[in-house]
Amino acid sequence: MTQPVLEAVNLAQSYEVSRGFLSAPATVKAVAGISFRLAPRSTLAVVGESGSGKSTLARMLTMIEAPGAGSLFLNGVDVAEADAATRRRYRGEVQMVFQNPYGSLNPRQTIGAAIEEPLLVNTPLPAAERRARALDMMARVGLRPEHHGRYPHMFSGGQRQRIAIARALVLKPKILVLDEPVSALDVSVRAQVLNLLVELQEGLGVAYVFVSHDLGVVRHMADEVMVMYLGRAVEHGPRDAIFSAAKHPYTRALMSATPMADPGAKKDRIVLEGELPSPFNPPTGCPFNPRCPLVMARCRSEMPPLETKAGRLVACWAAQDTPGPTPMRREAAAA
Ligand SMILES: Nc1ncnc2c1ncn2[C@@H]1O[C@H](COP(=O)(O)OP(=O)(O)OP(=O)(O)O)[C@@H](O)[C@H]1O
Ligand SMILES: [Mg+2]
């Protein structure tokens, strides 16, 4: 890979959570050692069930929350260890777009003021230049100049997400972290916002970390895919390798639940049994073992390492280092 624009090494975050006043507080390992290298202008998609640690990872990547452990390198400097000035600079380079654009926009601020605010806080630019840059960014995201003086409630959900994207990009960051950016939008406008993101990436050369639980969206957007389960990466590699031949049984199960992710495939369904285990008390060995159709004795005692097999990283004792997807014993035709 060319020099990565961002490198995460063993990022981890735990939270102490109270469990009622008679029990001792418990620790949740929300993210338990995530590493990746993000190439410039590329998109890393992060997928996984609710509670797998995607948003926690996103908050650490944007330094909204300092990592509990691990390193985060931007241009070779570890920001997790850096002084306040370096962290401030970092926050300019790595911006975030949230799921709900209404929550991230101040209802009493015009959208022009909202988009100019990062420039006001972080740059010495005069008012006229701030306005010019905001208008330029508004045009890039498909908003008209007359929108500048209007308030968030005057816009549709899709337009509000365009405003949030313009605000995140106005400082020309190198990286945009998007946490479920289209999940709250009407299906009819999702594709428009996704296409806008693709266009902006080409035009501005920004790299994306794209969090989503929708594999159809991930397939459209990603260069690389990381599948998370209980705070860990279980499979991570080039999009085509993963979509054409997933090696981890969890990835296969997610895909079989997404009809559009594999339109040509035969109608086999792998039904995930049980719920995501409690993060307070994860299973020993492989965290996926209680739900895994391929479980073996070893899986209950030893955590499989994340290692290279068939052109991607995968953490599974049963995954084979051969082309083609990992066969699933319990695969049965859907009713
Ligand atoms: N501030 C916090 N305090 C305590 N526990 C937290 C906190 N933030 C996250 N967690 C816990 O960490 C785990 C991971 O949560 P996270 O929000 O990162 O998951 P997620 O993959 O983004 O889920 P979703 O798809 O529902 O958004 C969960 O068990 C969650 O309850
Ligand atoms: Mg989340």
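K.L.:
How do you make sense of the site of ligand 1 when you look at a structure like this?
P.N.:
Taken together, 14 residues sit near ligand 1, with Ser50, Gly51, Lys54, Ser55 and Thr56 positioned nearest. Between ligand 1 and the protein, one listed contact pairs an oxygen atom with a backbone N or O atom of Gly51 at 2.8 Å. For ligand 1, an oxygen atom lies 2.8 Å from a polar atom in the side chain of Ser55. Against a free-state accessible area of 630 Å², the protein chains account for coverage of 64% of ligand 1. Broken down by secondary-structure element, the contributors of at least two residues to the shell around ligand 1 are strand S1 (6-17), strand S2 (26-38) and helix H1 (54-61). The biggest single contributor to the shell around ligand 1 is H1, with 4 residues. Residue composition of the shell around ligand 1, grouped by class: 5 nonpolar, 6 polar and 3 charged.

K.L.:
So what exactly am I meant to see when it comes to the confidence of the model for the chain here?
P.N.:
If pLDDT is low for a region, its predicted coordinates should not be looked at in detail. With 94% of its residues at a pLDDT of at least 70, the chain reaches an overall mean of 90. For residues 331-335, every residue scores under 50 in pLDDT, and the model assigns this stretch 10 contacts once sequence neighbours within four places are set aside.

K.L.:
Just to check I follow, could you spell out empty space enclosed by the protein for this structure?
P.N.:
Over the atoms a probe the size of a water molecule is rolled, and this reveals where empty space is left. Tallied over the entire structure, the rule returns 1 cavity of 30 Å³ or more. Roughly 60 Å³ of volume is contained in the largest cavity. Taken together, His248, Pro249, Cys286, Phe288, Asn289, Cys292, Leu294, Cys299, Pro304, Cys316, Trp317 and Ala318 form the lining of the largest cavity.

Here is what the cut-offs are and how they apply
- Residues numbered from 1 in each chain as written.
- Chains lettered and ligands numbered in written order.
- Predicted model: local features only at pLDDT ≥ 70, side-chain atom pairs only at ≥ 80, totals over all residues.
- Heavy atoms only, no water.
- Near = heavy atom within 4 Å.
- Polar contact = N/O pair within 3.5 Å; in protein donor to acceptor, adjacent residues only side chain to side chain.
- Areas by Shrake-Rupley, 256 points an atom, 1.4 Å probe, with all protein chains shown as cover.
- Helix = DSSP H or I, 4+ residues; strand = E, 2+ residues; numbered from the N terminus.
- Nonpolar A, V, L, I, M, F, W, Y, C, P; charged D, E, K, R; others polar.
- pLDDT = per-residue confidence, 0-100.
- Contact = heavy atoms within 4.5 Å.
- 1 Å grid on protein atoms, 1.4 Å probe; cavity = no way out; pocket = protein on both sides within 12 Å on 5 of 7 lines; lining within 4 Å.
- Points joined across faces, edges and corners; volume = space filled by probe spheres on them.

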